[in-house]
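Architecture and fold: a report
Each chain is listed here by its residues.
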Amino acid sequence: MPPTKEERREALKAVYHQAKGCTSCPQLAATRTTVVFGNGNADADLMFVGEAPGANEDRQGLPFVGQAGKLLDTLLGEIGLSRPEVWVCNVLKCRPPGNRDPHPAEIEACQDYLLRQVELIEPRVICTLGNFATKLLRGDPTGITRLHGREEVRVIGRRAVRLYPIFHPAAALYTPANVEVLRADFARLPELLALDVPPQPKPAIEEAAVPDAGEEDPAGQAVPEAEAAGSPAEDERYRIEAERAAESGAEADADADERDPEAARELEPAAVQLGLF
Ligand code: SF4
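Residues numbered from 1 in each chain as written. Predicted model: local features only at pLDDT ≥ 70, side-chain atom pairs only at ≥ 80, totals over all residues. Heavy atoms only, no water.

1. Observations concerning the nonpolar core
For the record, the criterion: The term nonpolar core refers to a set of buried residues drawn from Ala, Val, Leu, Ile, Met, Phe, Trp, Tyr and Cys, joined through side-chain atoms within 4.5 Å. Throughout this description, buried means an accessible area under 20% of the type-specific maximum (1.4 Å probe, protein chains only), exposed means over 50%, and partly exposed covers the range between. Numbering of helices and strands starts at the N terminus; helices are DSSP runs of H or I of at least 4 residues and strands are runs of E of at least 2. Whether two residues are in contact is decided by their heavy atoms, any of which lying within 4.5 Å being enough.
Ranked by internal contacts, the top residues of the largest apolar core, which has 33 residues, are V49, W87 and I126. When contributions to this core are tallied by element, the ones reaching two or more residues are α1 (5–20), β2 (46–50), β3 (87–90), α5 (104–121), α6 (131–138) and β6 (159–166). With seven residues, α5 is the single largest residue contributor to this core. With near-sequence residues (within four places) excluded, V49 lies in contact with C89, N90, V91, L114, I126, C127, T128, L129, A133 and L137. By size, the runner-up hydrophobic cluster in this structure holds 25 residues, among which are L46, V88, L189 and L192.

2. Considerations on the packing of aromatic side chains
Put simply, the rule is: Pairing of aromatic side chains here covers Phe, Tyr and the six-membered ring of Trp, requires ring centres within 6.5 Å, and sorts the geometry by plane angle: under 30 degrees stacked, over 60 edge-to-face, intermediate tilted.
Counted according to the given criterion, the structure contains three aromatic pairs. A centroid spacing of 6.4 Å and a plane angle of 85° characterise the contact between F37 and W87, whose relative ring orientation is edge-to-face. Highlighted residues: F37 in the loop between α2 (26–31) and β1 (39–40) and W87 in strand β3, separated in sequence by 50 residues. Residue classification places F37 among the buried residues on the basis of a relative accessible area of 0%. With 5.8 Å between their ring centres and 15° between their planes, F48 and F186 make a pair best called stacked. One end of the pair, F48, is in strand β2; the other, F186, is in helix α9 (residues 177–186), with 138 residues separating them in the sequence. Look at F48 and you get buried, because its relative accessible area is 0%. For F186, a relative accessible area of 1% corresponds to the buried category. Among the aromatic residues, those joined into a cluster by ring pairs are Y16, F37 and W87.

3. Section: the environment of T142
What counts here: Here a polar contact means two N or O atoms within 3.5 Å. Within protein one must be a hydrogen donor candidate and the other an acceptor candidate, and residues neighboring in sequence count only if both atoms are side-chain atoms.
In this fold, T142 is placed in the loop between α6 and α7 (144–147). Separated by eleven residues in the primary sequence, T142 and N131 place their C-alpha atoms 8.4 Å from one another. Dropping the residues within four chain positions of it, T142 is found in contact with K135 and L147. At 2.4 Å, the side chain of T142 and the side chain of D140 are in polar contact.

4. Remarks on the sheet that holds β2
Quick reminder of the rule: Only strands that DSSP links by at least two bridges are regarded as paired with each other.
Taken in spatial order, the six strands make up an open sheet running β1-β3-β2-β4-β6-β5, and their pairing is mixed. Both outer strands of the open sheet, β1 and β5 (152–156), are each paired with one neighbouring strand and no more. Sheet topology note: the β5/β6 ladder contains five bridges and is antiparallel. Directly across from E152, in β6, lies its bridge partner L163.

Now the structure itself:
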């Protein structure tokens, strides 16, 4: 049974709580103010993936809240969409100090969070904003100047999506001619969103013949009941993540009771950062 919307949403919250305490990149973990996980509609058809949080994003805990974010909002509005209808996130969830480029090791360390977001939100179209997101999700060093405005179907993690690279809005802030290029690329998004969802790869759980409970797997190990066909490990993972989300939420609520109301509002957990509705 595929997970329900609610299960996916709870699993997404669990990934958020996991990222919130992440210290995989020691320098970024030491210098960030907040982990900027992502924001928007957890059931979005359209996902934007930028590079990394900047100073404003780091302060507010939300992606694309500065000038580049305003341009993103304007361009979305011109195609009849608004921020609450889409999902916006970055390759890196923490701000590189001085807005330096992400290091390859940081991109590698952070990519699982992005892949989980893609898996759980299930977008039809992923718009990569600029070189870092485009190169990561295409697994290829070809730059954005050659690729922008050209969609292709790619499997990202376990999800086949229409990948649509465009320039990063920040690049357009410095080169006004790029705003028109960006606008023209944005104009094709409604058409891409109207296309059928690309055929999805078979879930690994179905591809590998899962032996029944009590039988031996190919490595000769008896298969525990919880992993047998009919109770797939995938379901179990969603359940565990949802439980973690519920526990983290309860902990955060308890903590909030002990803070003054202003601070509690500022640190309100997943619902605020994720903007789940
Ligand atoms: S950038 Fe990603 S992997 Fe690195 S510390 Fe932040 S959340 Fe963790």
